[in-house]
Amino acid sequence: MSAKKAFEGVLKLLPEPSSGRSRVLLGLSGGVDSALAGKLLVERGYQVNAAFLKVWNEDKDGAPCDEEEERRSRQVAEQLKLHDFAVYNRVTEYWNSVFTPFLDDYRTGKTPNADLACNRDIKFTLLSDESVRKKNDLLATGHYASIFTRRDGIHLGRGSDRVKDQSYFLSSVRKSDLEKVLFPLGTLQKGQTREICKWLGIPSWKSSRGMCFIGKRPMFSFLSQYLVPAPGSVLSYDDGRVLLAHQGEFHFHTVGQRIGLAGPGVNERTFIVEKRLYVKPGTNQTVCDVVVCQGGNHPALFCKQMVCDRIFESTPQSLLESSMTLTAQTGHGAKPQTARVEMFQQDGEARLKLSFRNPIRRSAPGQAIVLYGGDLCIGGGYLLADDYEQTIESVNLLQRGEC
């Protein structure tokens, strides 16, 4: 299909502006996706105002992190002749709502995903507020996702491009913030976006950055600026042997990550099974012991059950009464897995239990587990624990602090 036909096709699928639904605030990110979203809205007849969110002050060289993205966004607004272009500085809100919890999770051994928190607490919440304040009727972004309207209200849905689909990252956004949202690119493939932009003369920039505060630095060197990595021992999953001592370099690694070890009884295909953080008896020193296994298909890297806490607002409460068979996605781009899902209460908090027919590759505590019914995203939560089998030797060593 030619770029022209693809553009005309997606244009027809966009709802026409109507009374009370004609003014749109478009979130520009400095990439081709939000630029094309703006072009589609303008061609469909909407009055489009543009907004750029500034969420970080400096990059690794001390230069403004968002400077290039802001420049590109301003260029797009001028090229498309958008009615307004505003820059919203939300650095403080981002630090408090996204970055501080991000650091807290890494400090306690979890592996967080800042993109979900940013979409939920910054992009859609704050932009929705600004949209209303500026008397816009709708909010639009360049995400590859869809909005479905059903009898029970609106639902987030997958984008047509199953590889690029970004519903995983949007899964925790509150329904109230999605009620007046448009995703113009929901029916497009990413390759079509680039072809259409080339045909329209929109600069083919690389996709806008996610966590720009990290840049190209290794995660360890970045996190070490804010956190003190805890040293500890590396233990064999199979027999509990202490393989070596580490000085904190594995504190910020994640479950399932391949690491390079050298020494007797280890090979280059060594993977993290578990991290245990505790305070060394008689001191205030935090210790991070790491359990590892040999080989990427080791049984310790798989599980059949998961438990999630911090349940997303969109998760149906009916799961408290009866379980449902759904598909679960353990990461962006991960293969959806069929699971029996139920909700239960523990210590006054709702939690989700997922049971899989066959063992699946484990995820890391702190990662989002997102639930789908067909193409509809119907909630999820953050991984708290799973049922992988721990060896008695390694657990005893860790619990006694004898490593």
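Everything below is about the structure printed above this text.
1. Here we look at the sheet that holds strand β10 (residues 258–259)
Read from one edge to the other, the open sheet built from five strands follows the order β9-β8-β12-β11-β10, with strand pairing classed as mixed. Unpaired on one side and paired on the other, β9 (242–246) and β10 mark the two borders of the sheet. As judged from the four bridges shared by strand β8 (residues 232–236) and β9, these two strands associate in the antiparallel manner. Paired with Val-234 across the two strands is Leu-244, which belongs to β9.

2. Points about the pairing of β8
Across the five residues that make up β8, a large majority, five, are buried. Counted between consecutive antiparallel strands, the loop separating β8 from β9 contains five residues, among which Gly-240 sits at a positive phi close to 75°. Bridge count for β8 against strand β12 (residues 286–294) is three bridges, and the pairing is parallel. Of the residues in β12, the one forming a bridge with Val-234 is Val-290.

3. Points about the sheet that holds strand β2 (residues 47–54)
With respect to topology, five strands assemble into an open sheet ordered β3-β2-β1-β4-β7, the strand pairing being parallel. Every interior strand has two partners, whereas the edge strands, β3 (84–89) and β7 (181–182), have only one. For strand β1 (residues 23–27) and strand β4 (residues 138–140), the ladder comprises three bridges, and the chain directions are parallel. Looking across to β4, one finds that Leu-25 is bridged to Leu-139.

4. Quick word on the packing of aromatic side chains
Applying the stated criterion across every chain, the model contains 16 aromatic pairs. An angle of 90° between the planes, with centres 6.2 Å apart, marks the rings of Tyr-106 and Phe-252 as edge-to-face. Note that Tyr-106 is positioned in helix α4 (residues 91–107) and Phe-252 in the loop between β9 and β10, a separation of 146 residues in sequence. Of the two residues examined, Tyr-106 and Phe-252, each falls in the buried class. Seen in terms of ring centroids, Phe-124 and Phe-183 are 6.3 Å apart; in terms of plane orientation they differ by 70°. Their pairing is edge-to-face. Residue Phe-124 is located in helix α5 (residues 114–133), and its partner Phe-183 is located in the loop between β7 and α8 (190–200); the two are separated by 59 residues in the primary sequence. An aromatic cluster is built from Trp-56, Tyr-94, Trp-95, Phe-99, Phe-102, Tyr-106, Phe-220, Phe-222, Tyr-226 and Phe-252, whose rings are joined through pairwise contacts. Directly above the aromatic system of Tyr-372 lies the positively charged group of Arg-158, at a separation of 3.6 Å from the ring centroid. Lying across the ring of Tyr-382, Arg-310 places its NZ or CZ 4.3 Å from the centre.

5. Focus: the nonpolar core
In this structure, Tyr-94, Phe-102, Ile-122, Phe-124, Leu-178 and Phe-183 are the most contacted members of the largest nonpolar core, which totals 42 residues. Counting residues per element, this core draws most heavily on α5, which supplies eight residues. When sequence neighbours within four positions are dropped, the list of residues in contact with Phe-124 reads Asn-119, Leu-139, Thr-141, His-143, Leu-170, Val-173, Asp-177, Leu-178, Val-181 and Phe-183. Membership of the second largest hydrophobic core comes to 34 residues, among which are Ala-37, Val-48, Leu-182 and Cys-197.

6. Concerning helix α3 (residues 67–79)
Compared with an ideal rise of 1.5 Å per residue, which puts 13 residues at 18 Å, α3 spans 18 Å between its outermost C-alpha atoms and is within 8% of the ideal. Listed in full, the buried residues belonging to α3 are Glu-69, Arg-72, Ser-73, Val-76 and Ala-77. Each buried residue of α3 lies within a common arc of 140° when the element is viewed along its axis, so the set occupies one face. Where α3 is buried, its residues meet α2 (32–44), β2 and β3.

7. Some thoughts on unusual backbone geometry
The phi angle at Lys-135 is positive, at roughly 65°, despite the residue not being glycine. By the element assignment, Lys-135 lies in the loop between α5 and β4. Of note in this structure, Asp-347 is not a glycine but carries a positive phi near 55°. Among the secondary structure elements, Asp-347 is positioned in the loop between β15 (337–346) and β16 (349–361). Residue classification places Asp-347 among the exposed residues on the basis of a relative accessible area of 74%.

8. Re the packing of α4 against α5
Interaxial distance between α4 and α5 falls to 9 Å at its minimum, and their mutual angle equals 165°. In terms of orientation, α4 and α5 fall into the roughly antiparallel class. At the point where α4 passes α5, the crossing takes the right-handed sense. Judged by residue contacts, Glu-93, Tyr-94, Ser-97, Val-98 and Phe-102 of α4 engage Ala-114, Ala-117, Cys-118, Asp-121, Ile-122 and Leu-126 from α5. Of the residues contributing to the contact of α4 with α5, the split by class is eight nonpolar, one polar and two charged.

Cut-offs and rules
- Residues numbered from 1 in each chain as written.
- Predicted model: local features only at pLDDT ≥ 70, side-chain atom pairs only at ≥ 80, totals over all residues.
- Heavy atoms only, no water.
- Pairing = 2+ DSSP bridges.
- Helix = DSSP H or I, 4+ residues; strand = E, 2+ residues; numbered from the N terminus.
- Buried < 20%, exposed > 50% of the residue type's maximum accessible area, 1.4 Å probe, protein only.
- Phe/Tyr/Trp six-rings, centres within 6.5 Å; stacked < 30°, edge-to-face > 60°.
- Lys NZ or Arg CZ within 6 Å of the ring centre and 35° of its normal.
- Core = buried A, V, L, I, M, F, W, Y, C linked by side-chain atoms within 4.5 Å.
- Contact = heavy atoms within 4.5 Å.
- Expected span 1.5 Å × (residues − 1).
- Arc of directions from axis to C-beta.
- Axes fitted to C-alpha atoms, helices over the stretch in contact; angles between N-to-C directions.
- Parallel < 35°, antiparallel > 145°, perpendicular 65-115°, else oblique.
- Left-handed = near helix turned anticlockwise from the far one by under 90°.
- Nonpolar A, V, L, I, M, F, W, Y, C, P; charged D, E, K, R; others polar.

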